[in-house]
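The chain contents come next:
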Amino acid sequence: LKKNWFTEDCEMWPGGTFSVEVKEVLYSEQSDYQEITVFDTTKFGKVLVLDGIIQCTEKDEFAYQESIAFLPLCLHKNPEKVLIVGGGDGGVAREVAKHPQVKEILQVEIDEKVIEVSKKYLPFLAVGFESPKLKLHIGDGFEFMLNHKNEFDVIITDSSDPVGPAVSLFRDHYFQLMKSALKPNGIICSQAGTVWNDLDLVSNILNICKKQFPKAAYAYASVPTYPSGQIGFVIGSLDNDIVFDKPERVFTEEDEKEMKLRYYSSEIHKAAFVLPTFVRQHLAKN
Ligand code: AAT
């Protein structure tokens, strides 16, 4: 490979990985929690990298942010109060704020530096922080959850992978705490890994979710710059009557335009829960 290619090298995806051609490194510093890098690329726009792992690229970030936001929001009958854990670039807040029923958003991000850097270099994401609906807390998502009970309609965990500061957000205890932080009929949605790289990780997270929530499912989105071009979410619901592939809130084409949606639609919502056969079979027996 040419010298100016960035390669996402991590023990979580051994033997093969994704590269992007870098035009210019805009920022690179170690924060209290992780190494933060922002660079510009020839074809993918600006890219945010934490500890060597791509968090988002300008080209395809909307596929991830829209999915992790609207899958749970549209499954809830009235998602008025929403908690976002992680998401320091602002992209998920940007999407959540668009939902017409959402009145109040709390966000807890561990690393103030990610927010600062996004505001400076990634304004298309950090625009999310400008919403008057949003209150931002700096702190650990796990600790935050210990002190909040019966408060949220929807909790979205936009966390990095389970290697650095986000390890606690994949634990049993965290899912238990999210459950008690929810109001009746509440819904959670957590970043839950890719089926091509680590199907066991996916089934572990889904099983942790199933232990706490009467209803749980894995949904996926196509995001070319995440490992293997795909990423998924576990969704858990306290509402026994939920039908995951049937959104409560259906968006018309006018809604899509007004909300500037580029990936999520009510059709995509249904498709997101239809899993490839090897995935369906693996999740059924593990
Ligand atoms: N929307 C971009 C996608 C992300 S960002 C993940 C965020 O989670 C980062 O800002 C990180 O600082 C934050 N974070 C990590 N641990 C915690 C914690 N314990 N509490 C609160 N915030 C935390 C995710 C990209 C997924 C990459 C898939 N390969």
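From a predicted model like this one, the values you see are computed outputs, not experimental measurements.

1. A look at the nonpolar core
With 40 residues, the main nonpolar core has Phe70, Val96, Ile235 and Phe273 as its most contacted residues. Secondary-structure elements contributing two or more residues to this core are helix H1 (61-75), strand E6 (81-86), helix H2 (91-96), strand E9 (152-158), strand E10 (182-191), strand E11 (215-222) and strand E12 (230-237). The element that contributes the greatest number of residues to this core is H1, accounting for nine residues. Other than its neighbours up to four places away in sequence, Phe70 contacts Glu95, Lys98, His99, Phe251, Met259, Leu261, Tyr264 and His269. Counting residues in hydrophobic clusters, the runner-up holds 34 residues, among them Val108, Ile188, Phe213 and Tyr218.

2. Side note on the sheet that holds strand E3 (residues 35-41)
The strand order across the open sheet formed by five strands is E1-E2-E3-E4-E5, and the pairing between neighbours is antiparallel. Each having just a single partner strand, strand E1 (5-7) and strand E5 (53-57) make up the two edges of the open sheet. Taken pair by pair, the neighbouring strands of this sheet meet at an average axis angle of 40°, ignoring direction. In terms of strand pairing, strand E4 (residues 46-50) meets E5 through four bridges, oriented antiparallel. Each bridged residue has a counterpart across the sheet, and for Val49 the counterpart in E5 is Ile54. Lying over the sheet, helix H3 (residues 112-121) contacts strand E2 (19-30), E3 and E4, oriented at roughly 15° with respect to E3.

3. Remarks on the site of the ligand
Asp89, Glu109, Gly141, Asp158 and Asp161 are the nearest of the 30 residues found near the ligand. Between Asp140 and the ligand, the recorded distance is 2.9 Å, taken from a side-chain N or O atom to a nitrogen atom. The backbone of Gly141 places a nitrogen or oxygen atom 2.9 Å from a nitrogen atom of the ligand. Elements supplying a minimum of two residues to the shell around the ligand: E5, H1 and strand E7 (104-109). Of the residues forming the shell around the ligand, the biggest block, three residues, is contributed by E5.

4. Looking at the packing of aromatic side chains
Scanning the entire structure with this criterion turns up 12 aromatic pairs. For the pair Tyr64 and Tyr226, a centre-to-centre distance of 5.2 Å together with 85° between the ring planes defines the contact as edge-to-face. Placement of the pair is Tyr64 in helix H1 and Tyr226 in the loop between E11 and E12, with a sequence separation of 162 residues. Taking the relative accessible area as the measure of exposure, Tyr64 reaches 3% and is therefore buried. Accessibility expressed as a relative area gives 7% for Tyr226, which makes it buried. Relative to Tyr264, the ring of Phe251 has its centre 5.9 Å away and its plane inclined at 75°; by these criteria the two rings are edge-to-face. Of this pair, Phe251 sits in the loop between E12 and helix H8 (253-258) while Tyr264 sits in the loop between H8 and helix H9 (266-272), placing them 13 residues apart in sequence. Judged by relative accessible area, which is 2%, Tyr264 ranks as buried. Clustering of aromatic rings is evident, with ring pairs tying together Tyr64, Tyr226 and Phe233. Its guanidinium or amino end placed over the ring of Phe142, Arg171 lies 4.9 Å from that ring's centre, counting from NZ or CZ.

Calculation notes
Here the residue numbering is sequential within each chain, running from 1 through the sequence in written order. Per-residue local features are limited, in this predicted model, to residues with pLDDT of at least 70; the limit for side-chain atom pairs, both in listing and counting, is 80 or more; totals at the level of whole chains, interfaces and linings are taken over all residues. Water and hydrogen atoms were dropped before computing side-chain values, which therefore reflect all heavy atoms in the structure. The nonpolar core is taken to be a set of buried Ala, Val, Leu, Ile, Met, Phe, Trp, Tyr and Cys residues, with the residues joined through side-chain atoms within 4.5 Å. Note on classification: 1.4 Å probe, protein chains only; a residue is buried when its accessible area is under 20% of the maximum for its type, exposed when over 50%, partly exposed between these limits. Elements are defined by DSSP. Helices are runs of H or I of four residues or more, strands are runs of E of two residues or more, and each kind is numbered from the N terminus. In what follows, a contact means two residues having at least one pair of non-hydrogen atoms within 4.5 Å. Here, strands pair whenever DSSP counts at least two bridges between them. Under this scheme, a helix contributes an axis fitted over its contacting stretch, all axes are lines through C-alpha atoms, and angles between N-to-C directions fall in the 0 to 180 degree range. Summary of the distance rule: residues count as near a molecule or strand when at least one heavy atom falls within 4 Å of that molecule or strand. Counting of polar contacts relies on pairs of N or O atoms within 3.5 Å, with two restrictions inside protein: one atom must be capable of donating a hydrogen and the other of accepting it, and residues adjacent in sequence are counted only when both atoms are side-chain atoms. Each Phe, Tyr or Trp ring (for Trp, its six-membered ring) is paired with any other whose centre lies within 6.5 Å, and the angle between the two planes then decides the class: stacked below 30 degrees, edge-to-face above 60, tilted in between. Lysine NZ or arginine CZ positioned within 6 Å of the ring centre and within 35 degrees of the ring normal marks a charge as sitting over the ring.

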